[in-house]
Amino acid sequence: MNKRTLAMEHIKTHATIYVFMLILFLTGVAFGAIVVNSMGTIQKQDLFFNLERFFGYITTDNTIDKNEILKESFLYHAKYLLLLFILGLSVIGLPVVWVLIFLKGLVVGFSVGFIVSQLGIQGFLLATFSIAPQNIIVIPIYILAGSLSMIFTLGLLNKLFIRKASFSQPVLQPFVKYVSIFVIMLLLSIVPALIEAYIANEAMVSFIKSLYSDGKSI
């Protein structure tokens, strides 16, 4: 079988796990939006005050180092993927994988929900420019990483507790595949980091400056 056929067979075999991870992420997004709605007025005002200070910093011709954004973004993705990778190697780490995927959804849901709740249509456009571009790529990477981590962990459990699948069976081949895919995902995470640094950041700055230059109050 060619690689495409093998990939399709893999997805078909583990479809339940991939759907579970997707639902877990979307639940986090929904919970993030609920958290925004449950915040008190004072909490929202305090948080929005800090956001306005950031907007003011941008509009006073202060530049944000794109290379620094690229570095920080890539390191963040690398650490997240590395953690998911390590948790997949430890049987007890599976619940933490679920928590990490849920938290990623929560952060996205809260960030978008808060900006939209405070700025309305302007907030929706701001989220579209500053949050959506890189997350379109990085979210599938995280869901794939979490799913593979869970699949590998369940494989280890299968070898530990089911006598028909003893440790005398080869473990090296699945491990090599596991490592290889995570290395590929790590390399792919450079793409959303580049988008965040050189596209999303530039679009966000231009949009915020256009609002201020038009005399609008954010």
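Asker: Go over the overall build of the protein chain, please, and point to the residues and values.
Answerer: The helix and strand tally for the protein chain stands at nine helices and zero strands. The helix and strand sequence of the protein chain, counted from the amino end, reads α-α-α-α-α-α-α-α-α. Taken over the C-alpha atoms alone, the protein chain extends approximately 70 × 35 × 25 Å along its principal axes. Taken over 218 residues, the protein chain has a buried fraction of 37%.

Asker: Pulling in residues and values, what's your account of the packing of helix 4 (residues 66-89) against helix 5 (residues 94-119)?
Answerer: Running from N to C, helix 4 and helix 5 cross one another at 155 degrees; their axes reach a closest spacing of 9 Å. With respect to helix 5, the element helix 4 is oriented roughly antiparallel. Here helix 4 runs over helix 5; the crossing is left-handed. Across the interface between the two elements, Tyr80, Leu83, Leu84 and Leu87 of helix 4 pack against Leu94, Val96, Val97, Leu100, Ile101 and Lys104 of helix 5.

Asker: A description of a nonpolar patch on the surface should follow, citing residues and the corresponding values.
Answerer: Together, Val183, Leu187, Ile190, Leu194, Tyr198 and Ile199 make up an exposed nonpolar region whose accessible area comes to about 520 Å². Counting only elements with at least two residues in the nonpolar patch, the list comes to helix 8 (172-188) and helix 9 (190-213). With four residues, helix 9 is the single largest residue contributor to the nonpolar patch. By the element assignment, Val183 lies in helix 8.

Asker: Any chance you could break down the environment of Val29 for me, citing the residues and the numbers?
Answerer: Tracing the sequence through the fold places Val29 in helix 2 (residues 15-38). Considering only alpha carbons, one finds Val29 and Val107, 78 residues apart in sequence, at a separation of 7.2 Å. When neighbours within four sequence positions are excluded, Val29 is seen to be in contact with Gly105, Leu106 and Gly109.

Asker: Mind laying out the packing of helix 5 against helix 7 (residues 132-161), listing which residues take part and the relevant values?
Answerer: Put simply, helix 5 and helix 7 touch, their axes get as near as 9 Å, and they point 165 degrees apart. As far as their axial angle goes, helix 7 and helix 5 are roughly antiparallel. Crossing of helix 5 against helix 7: the hand is left-handed. Where helix 5 abuts helix 7, its residues Leu94, Val97, Trp98, Ile101, Lys104 and Val108 lie against Asn135, Val138, Ile139, Tyr142, Gly146, Ser149, Met150, Thr153 and Leu154. Its residues placed into classes, the contact of helix 5 with helix 7 shows ten nonpolar, four polar and one charged.

Quick notes on the rules
Residues numbered from 1 in each chain as written. Predicted model: local features only at pLDDT ≥ 70, side-chain atom pairs only at ≥ 80, totals over all residues. Heavy atoms only, no water. Helix = DSSP H or I, 4+ residues; strand = E, 2+ residues; numbered from the N terminus. Buried < 20%, exposed > 50% of the residue type's maximum accessible area, 1.4 Å probe, protein only. Axes fitted to C-alpha atoms, helices over the stretch in contact; angles between N-to-C directions. Parallel < 35°, antiparallel > 145°, perpendicular 65-115°, else oblique. Left-handed = near helix turned anticlockwise from the far one by under 90°. Contact = heavy atoms within 4.5 Å. Patch = residues over 30% accessible without salt bridge, like charges linked within 9 Å, V, L, I, M, F, W, Y side chains within 5 Å. Areas by Shrake-Rupley, 256 points an atom, 1.4 Å probe, with all protein chains shown as cover. Salt bridge = Lys/Arg side-chain N within 4 Å of Asp/Glu carboxyl O. Nonpolar A, V, L, I, M, F, W, Y, C, P; charged D, E, K, R; others polar.

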